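Here is how the chains run, residue by residue.
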Amino acid sequence: MEQVIGLFNYWIVIFLMMTGFYIVIARRNLIKVVIGLNIFQTSVFLLYITMGKVTGGTAPIIPPRIVAQHHHADEHAGAAHDSLAAETTQPAKSVAGELATQTEEIIYSNPLPSVLMLTAIVVGIATTALALALVVRIREDYGTVEEDEILALDIQS
Amino acid sequence: MIANQLPVLLIVLPLIAAPLCVLLGSRRMAYPLALIVSWCTFAISIALIARVMQTGPIHYDLGNWEPPYGIEYVVDYLSGFVMLFVAGIGAVVLAYAPRSVAAEIAPGKQTMFYASYLLCLAGLLGMCVTGDLFNVFVFLEISSLSSYALISLGSTRRAPLAALKYLILGTVGATFFLIGVGLVYQMTGTLNMEDIAARLPTVGGPRTVLVAFAFMTIGLCIKMAVFPVHTWLPNAYTYAPSVVTAFIAATATKVSVYAFVRLVYSIFTPQFAFGLLPLDTALSGLALVGIFAASAAAIYQENVKRLLAYSSIAQIGYMLLGISMANQDGVTAGVVHMFNHAIIKGGLFMVVGCFALRLGSVQMEDWRGAGKTMPWTAFAWALGGLALIGVPLTVGFVSKWLLLTSALESGRWGVAILMLCSSLLAIVYVWRVIETLYFAEPSEKAKQATEAPLSMLIPTYAMIGCTLLFGVWTTYSAGLAGRAAASLLGGAP
């Protein structure tokens, strides 16, 4: 059960990857091949994104609440500095300490794989666009997008 | 000041110039810009390699982000050597280009041609100098995507189909590489090559490492056109415009070989790839089968471009053979053969471009007797052909000699004998063309042909001249490759 539920995303990755790869190998329609290629690439996006996710982790952005408190503490510390009173610096320090513990409690997911995938998505789009453009040109020249028919036409000429 | 920024300028210059070509809009402006930029990158790479030879490897932190957080560019002996000849060939082929491009590519598409050419150059150079594994993938795709576009510019209707076939296989290869990078990242948490090498648990490592290595090897093998996955190459080279074939045949597969060497020797260690896994046996087996199968196929080709394309697949076999030996001479042979084969094939495809311009055909029957009307071009073919076979005083001999020494040193007698036999096949296919050029009754086209224009002959002879020059004077070819091999194998450079 652990194998199925715990690795759910990875099963999807493998399923998508093999689906895409099968289409690329088995289909003779050029459009289908291009779309199969796209599915194949998409599975890799999911692989990376799954890898970056930490259980219970949140987006690696400092929550607004803490930013506000931090800002407040800074002002406080600044004011304390101005007044030069020892009593007022005490709470400011404790607020800073509290902030430090709060930040430690938050678990963040790894942002890097997602960032890498932004690049890979751009590459994927470029590949699909170029492939479809080539298919358009092939269709203009041959009048078909079926590979078998294209090969037959090539042999004739 | 600027001297410190050279590694990044090498990439940034062609990368910025490419869209600039499109913005300028006219081919009269685009060509000089592309030419200047390509020669600038060549000059930069010479400056870089000179510095590496004086002071050792250069590490450049992109955007001043220190590695492993930022991307690092590394120029050492190996990457510097590959970078140098890629930039050099990029510059020489571009100098040769205008006449051939005018004849083979529609005027409206020429600006785009120069832009794609620069992008391809930037991608290939980037793959050489980057020290970041994901960055290798990005540059691989930049160079691949632009080369698909370049190939599809061919004048026949088969060109887009050849480009699409290459695109499908190439993308599968690149995606395999990406999966491998992902798995390595999962195991090590870093993308910097040196960092990965330090952290990767290779000895008795987990299966993830094995799978990652398998994915990356297969991915790069597709891009290298190693024998069973070479099917994209013959059509792509045959139907692409002559200039594109000369450039891509000389550089693209070599840079993938470089990435593979980097992967095996610098990241996963040879102990892992050759000791733990039987990759050396597999590679040398595939290499030998590839050499014989592709050379035999080359003999029966009627289209000269296709003949050379099959010969390229065979030559990749020699490089892999050297790399799989894992000793000083073997790796030196593998690395120097990248350079040697690059200038030989670059030169020969440039000769084909000259014939294609004057005869309007690359079919052997139209080339009959062209040696009489185009003596200089035909002579260039003869010289390049000798180098391809591996006759002494040419570069082909240098790499074959090193390969032979290495095979004998490690007691692989079978490999040595098979290698010598395979050279006989090369003699056959080179001779077929020479015979057609010199000893056959001239065809109609050959009778009317005139000598190729000087603007094309001079770069062609520059390239062919290099095959003779570096066959005798090996300080900067085999010498540099030897240093690269020594540093890869862990010795002092």
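On a predicted model such as this, the values are computed, not experimentally measured, just so you know. All residue numbers refer to positions counted from 1 along the written sequence of the respective chain. A letter from A marks each chain and a number from 1 marks each ligand, given out in the order of writing. Local features in a predicted model are, by the rule used here, given only for residues with pLDDT of at least 70; side-chain atom pairs are given and counted only at 80 or more, and totals for whole chains, interfaces and linings are based on all residues. Heavy atoms throughout the structure, all of them, feed into the side-chain values; hydrogens and water do not.

## Notes on the overall build of chain A
The secondary structure listing takes helices from DSSP runs of H or I that are at least 4 residues long and strands from runs of E that are at least 2 residues long, numbered from the N terminus. Check the secondary structure of chain A and you find seven helices and zero strands. Along chain A, helices (α) and strands (β) appear in the sequence α-α-α-α-α-α-α when read from the amino end. A buried classification covers 31% of the 157 residues belonging to chain A. Every residue pair with non-hydrogen atoms within 4.5 Å of one another is taken to be in contact. Relative to all contacts within chain A whose residues are 6 or more apart in sequence, the contacts with residues 24 or more apart total 71%. Each accessible area is a Shrake-Rupley result for a 1.4 Å probe, and residues are judged covered by the shown protein chains and nothing else. Accessible surface for chain A amounts to roughly 9,700 Å². Of this, 68% is attributable to carbon and sulfur atoms. Exposure is judged per residue with a 1.4 Å probe applied to protein chains only, and the accessible area is read against the type maximum: over 50% gives exposed, under 20% gives buried, and values in between give partly exposed.

## Focus on the confidence of the model for chain A
pLDDT is defined as a per-residue confidence score from the predictor, taking values between 0 and 100. A residue-level look at chain A finds 80% of positions with pLDDT of 70 or above and a mean pLDDT of 81. In the predicted structure, residues 84–90 of chain A sits below a pLDDT of 50 and forms four contacts with residues beyond four places in sequence or in another chain.

## Some remarks on empty space enclosed by the protein
All names here are of chain B. Cavities and pockets were defined on a 1 Å grid built over protein atoms only: a cavity is a set of grid points that admits a 1.4 Å probe from which the probe cannot escape, a pocket is an open set flanked by protein on both sides within 12 Å along at least five of seven lines, and lining residues are those with an atom within 4 Å of any such point. Grid points are joined across faces, edges and corners, and a volume is the space filled by probe spheres set on the points. On inspection of all chains with the given rule, the structure shows four cavities of 30 Å³ or more. Looking at the largest cavity, its volume works out to about 90 Å³. Along the walls of the largest cavity sit 13 residues, with Ser143, Tyr166, Lys223, Ala252 and Ser256 positioned nearest its centre. Where the lining of the largest cavity is concerned, the elements lending two or more residues are helix H4 (110–129), helix H5 (133–151) and helix H10 (242–267). Class assignment for the residues of the lining of the largest cavity results in seven nonpolar, five polar and one charged. By volume, the second largest cavity amounts to about 70 Å³. When residues are sorted by character, Ala, Val, Leu, Ile, Met, Phe, Trp, Tyr, Cys and Pro go into the nonpolar class, Asp, Glu, Lys and Arg into the charged class, and all the rest, Gly among them, into the polar class.

## Overview of the packing of helix H6 (residues 112–142) of chain A against helix H6 (residues 158–188) of chain B
Helix-helix packing: each pair is described by the crossing angle between the helix axes and the interaxial distance. In the contact formed by H6 of chain A and H6 of chain B, the axes pass within 9 Å of each other and the chain directions differ by 165 degrees. Judged by the inter-axis angle, H6 of chain A sits roughly antiparallel to H6 of chain B. When you trace H6 of chain A past H6 of chain B, the crossing you get is left-handed. Contact residues: Leu112, Pro113, Ala120, Thr127, Leu130, Ala131, Leu134, Val135, Arg137, Ile138, Asp141 and Tyr142 of chain A in H6 of chain A; Arg158, Pro160, Leu161, Ala163, Leu164, Leu167, Thr171, Leu178 and Tyr185 of chain B in H6 of chain B. All axes here are fitted lines through C-alpha atoms, helices being fitted over the stretch that makes contact, and every angle between N-to-C directions spans 0 to 180 degrees. Here roughly perpendicular refers to angles of 65 to 115 degrees, roughly parallel to angles under 35, roughly antiparallel to angles over 145, and oblique to all remaining angles. Less than a right angle of anticlockwise turn of the near helix away from the far helix marks a crossing as left-handed, whereas a clockwise turn marks it as right-handed.

## Quick look at the interface of chain B and chain A
With 30 residues of chain B at the interface, the matching set in chain A holds 37 residues. Buried area is a sum: the accessible area each of two parts loses on coming together, probed at 1.4 Å, counted once for each and added. Here chain B and chain A share an interface that buries about 3,000 Å² over both sides, 75% of which is from carbon and sulfur atoms. Definition used for salt bridges: Asp or Glu carboxyl oxygen within 4 Å of a side-chain nitrogen of Lys or Arg. For the interface between chain B and chain A, the tally reads two salt bridges. Between Arg158 of chain B and Asp154 of chain A there is a salt bridge, with its nearest N and O atoms 3.3 Å apart. Think of a polar contact as two N or O atoms within 3.5 Å of one another; within protein, one of them needs to be a possible hydrogen donor and the other a possible acceptor, and neighboring residues in sequence only count if both atoms come from side chains. Linking chain B with chain A are seven residue pairs in polar contact (both at pLDDT 80 or more). When residues of the side of chain B that touches chain A are traced back to their parent elements, those giving at least two are H5 and H6 of chain B. Looking at which element gives the most residues to the side of chain B that touches chain A, the answer is H6 of chain B, with 18 residues.

## As for the pairing of strand E1 (residues 58–61) of chain B
Residues and elements named next belong to chain B. Burial along E1 is one-sided: the face carrying Ile58 and Tyr60 is buried and the face carrying His59 and Asp61 is not. Think of it this way: DSSP has to see at least two bridges between two strands before they count as a pair. With four bridges joining them, E1 and strand E2 (residues 72–75) adopt antiparallel strand pairing. What sits directly across from His59, in E2, is Val74.

## Here we look at the environment of Ile23 of chain A
Secondary-structure assignment places Ile23 of chain A in helix H2 (residues 8–26). Setting aside anything within four residues of it in sequence, one finds Ile23 of chain A in contact with Lys32, Val33, Gly36 and Ile39 of chain A.

## Re the environment of Ser26 of chain B
Residues and elements named next belong to chain B. Tracing the sequence through the fold places Ser26 in the loop between helix H1 (6–24) and helix H2 (27–55). Overall, Ser26 belongs to the partly exposed group, its relative accessible area being 29%. Sequence-wise, Ser26 and Ala198 are 172 residues apart; in three dimensions their C-alpha atoms are separated by 50 Å.

## Some points on the confidence of the model for chain B
All names here are of chain B. Put simply, chain B has an average pLDDT of 89, and 98% of its residues get 70 or more. Element-level pLDDT for chain B is lowest in helix H11 (residues 270–276), with a mean of 81, against a maximum mean of 94 in H5. The complex prediction reports pTM at 0.90, with the ipTM value standing at 0.89.

## Some remarks on unusual backbone geometry
Although it is not a glycine, Asn64 of chain B adopts a positive phi angle of roughly 60 degrees. Within the secondary structure, Asn64 of chain B sits in the loop between E1 and E2.

## As for the pattern of salt bridges
Taken as a whole and judged by the stated rule, the model has nine salt bridges over all chains. One salt bridge connects Asp148 of chain A with Arg28 of chain A, and the closest N-O pair in it is separated by 3.2 Å. Placement of the pair is Asp148 of chain A in helix H7 (residues 147–156) and Arg28 of chain A in the loop between H2 and helix H3 (30–52), with a sequence separation of 120 residues. Where Arg262 of chain B meets Asp76 of chain B, a salt bridge forms, and the shortest distance between an N and an O atom there is 2.9 Å. Separated by 186 residues along the polypeptide, Arg262 of chain B in helix H10 and Asp76 of chain B in the loop between E2 and helix H3 (77–104) bring together distant segments of the chain. Pair check on accessibility: Arg262 of chain B and Asp76 of chain B agree, each one buried. Connected via shared salt-bridge partners are Arg28, Glu147 and Asp148 of chain A together with Lys165 of chain B.

## Quick notes on the packing of aromatic side chains
Aromatic pairs are defined between Phe, Tyr and Trp rings, using the six-membered ring for Trp, whenever the two ring centres lie within 6.5 Å; interplanar angles under 30 degrees are classed as stacked, those over 60 as edge-to-face, and all others as tilted. Here the structure, examined in full by the defined rule, presents 30 aromatic pairs over all chains. Measuring from ring centre to ring centre gives 5.7 Å for Phe21 of chain A and Phe176 of chain B, while their planes differ by 50 degrees; the resulting arrangement is tilted. With Phe21 of chain A in helix H2 and Phe176 of chain B in helix H6, this pair bridges two chains. In this structure Phe21 of chain A comes out as partly exposed when scored by relative accessible area, which is 22%. According to the relative accessible area criterion, Phe176 of chain B is buried, its value standing at 12%. Aromatic side chains Tyr31 of chain B and Tyr114 of chain B sit 5.2 Å apart centroid to centroid with 50 degrees between the ring planes, which places their arrangement in the tilted category.

## A few points about the layout of surface pockets
Space inside the largest pocket adds up to approximately 550 Å³. Glu147 of chain A together with Lys165, Leu169, Thr231 and Trp232 of chain B are, among the 24 residues lining the largest pocket, the residues nearest its centre. Elements with a contribution of two residues or more to the lining of the largest pocket: H2, H3 and H7 of chain A together with H6 and helix H9 (232–239) of chain B. Sorting elements by how many residues they give to the lining of the largest pocket places H6 of chain B first, with eight residues. Residues belonging to the lining of the largest pocket are distributed by class as follows: 15 nonpolar, two polar and seven charged.

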